[in-house]
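Observations on the three-dimensional arrangement
Given next are the chains, with one letter for each unit.
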Amino acid sequence: MNQMSIKFEAQSLSRVIDGHRIVDSVSFRVHEREVLAILGPSGAGKSTLLRLLNRLDEPNEGTVYLDGRDYRELPPRELRHRVGYVPQTPALRDGTVFDNVTIGPRLREEPVSEDRVEELLARMDLAEYGRRDVAELSGGETQRVAIARTLITDPEILLLDEPTSSLDTTSESRVETLLTKSIHESGLTAILVTHDTTQARRLADRVAQLEAGQLISIGSVSEVIS
Ligand SMILES: Nc1ncnc2c1ncn2[C@@H]1O[C@H](COP(=O)(O)OP(=O)(O)OP(=O)(O)O)[C@@H](O)[C@H]1O
């Protein structure tokens, strides 16, 4: 696999709400197996941009190319399979960890391999958690269940919206370590929204800076973060 091939390309993406250009003609490319952080102040449009990247919301202008193919040509189910999304504050459903991690395949009436679930839970440091009620989980554990729930579909690209913003430093560091390991082991390409420059420095290969909906710079962490 070519390390520098373009996996994901956003082309002139805009999202207009009530006449305001919340995301304003944003273009960028992400290479295969690269982690790109989208940095910016609160209200810059980071979450809104992320939701355009697998059509959770529809761009008013522009599109995304996945392996060179316009994502509007892909059936939404295939697109969401290939481009997994972990929201900023994941809502788990009442029930067990196992129920939550397997919810996607079960809703689509796809078979679920128990071994696969065990392996994923172990990867998220949640071995033996399968039967636990999610109501009893800590914030960090909840976030790790949400990540496992997304990884179960074997995405090629992972969209992460402030994955540690509600966690204390210890849980944050644990989630960061597990995420990085998973991304590298599975050869994932990832786009990470964060307002934390130190997190971008720790996790990302490159950084894109968003301000007032516009992408004002993109480059290596040291080029963009002074
Ligand atoms: N559905 C919506 N309707 C109206 N305004 C919206 C909607 N979604 C987002 N906005 C506005 O768009 C702007 C960007 O919001 P967004 O959540 O994308 O920013 P952000 O950079 O992710 O901020 P934060 O770091 O605080 O999460 C904000 O001013 C927000 O109020």
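In the annotation of an unreviewed UniProt entry, the protein chain is listed under the name ATP-binding cassette domain-containing protein and assigned to Haladaptatus pallidirubidus.

1. Structural notes on the environment of Ile152
Of note, Ile152 is situated in the loop between helix 6 (139-151) and strand 7 (157-161). In this structure Ile152 touches Val101, Thr102, Gly104, Pro105 and Leu120, once residues within four positions along its chain are discounted.

2. Description of the sheet that holds strand 1 (residues 6-17)
Spatial ordering of the open sheet is given by 2-1-4-5, a layout of 4 strands whose pairing is antiparallel. The strands lining the two open edges of the sheet, one partner per strand, are strand 2 (20-31) and strand 5 (69-70). With 5 bridges connecting them, strand 1 and strand 4 (residues 61-66) associate as antiparallel partners. In the strand pairing of strand 4, Glu9 is matched with Tyr65.

3. Describing the site of the ligand
Close to the ligand lie Ile17, Ile22, Gly40, Ser42, Gly43, Ala44, Gly45, Lys46, Ser47, Thr48 and His195, which account for all nearby residues. Ranked by residue count, the leading element in the shell around the ligand is helix 1 (residues 46-52), at 3 residues.

4. Topic: the environment of His81
Topologically, His81 is positioned in helix 2 (residues 76-82). Given 17 C-beta atoms within a 10 Å radius, His81 is considered partly exposed. For the pair His81 and Ala204, spaced 123 residues apart in sequence, the C-alpha separation works out to 23 Å. For His81, the residues in contact, after removing those within four places along its chain, are Thr153 and Pro155.

5. Concerning helix 6
The end-to-end C-alpha separation of helix 6 is 18 Å, in line with the 18 Å expected for 13 residues at 1.5 Å each. Judged by how many residues are buried, helix 6 sits mostly within the fold: 12 of 13 residues are covered. Turning to helix 6, its buried residues number three or more, namely Gly140, Glu141, Thr142, Gln143, Arg144, Val145, Ala146, Ile147, Ala148, Arg149, Thr150 and Leu151. For helix 6, the elements touching its buried residues are strand 6 (83-86), helix 3 (97-101), helix 4 (103-107), helix 5 (114-123), strand 7 and helix 7 (169-185).

6. Focus: the sheet that holds strand 10 (residues 214-220)
A sheet is described by the order of its strands in space; here 6 strands give the open sequence 6-7-8-3-9-10, paired in mixed fashion. If you trace the sheet from one side to the other, it starts and ends with strand 6 and strand 10, each paired once. Neighbouring strand axes in the sheet, compared pairwise and without regard to direction, differ in orientation by 15 degrees on average. Bridge analysis of strand 9 (residues 206-211) against strand 10 gives 6 bridges, and the strand direction is antiparallel.

What counts as what
- Each residue is numbered by its place in its chain's sequence as written, counting from 1.
- Selection of residues for local features in this predicted model requires a pLDDT of at least 70, selection of side-chain atom pairs for listing and counting requires 80 or more, and totals for whole chains, interfaces and linings are taken over all residues.
- In DSSP terms, a helix is any run of H or I states spanning at least four residues, a strand is any run of E spanning at least two, and both are numbered starting from the N terminus.
- This entry defines residue contacts through backbone-placed C-beta atoms, with two residues in contact when those atoms are within 7 Å.
- Whether two strands pair comes down to DSSP finding at least two bridges between them.
- For each residue, a C-beta atom is positioned from the backbone; the residue is called near a molecule or strand if that atom sits within 6 Å of it.
- To assign burial, the other C-beta atoms lying within 10 Å of each residue's own C-beta are counted, with C-beta atoms placed from the backbone; 20 or more indicates buried, 12 or fewer indicates exposed, and intermediate counts indicate partly exposed.
- To estimate how far a helix should extend, the number of its residues minus one is multiplied by 1.5 Å.
- The angle between two axes is taken between their N-to-C directions and runs from 0 to 180 degrees, where each axis is a line fitted to C-alpha atoms and a helix contributes only its stretch in contact.

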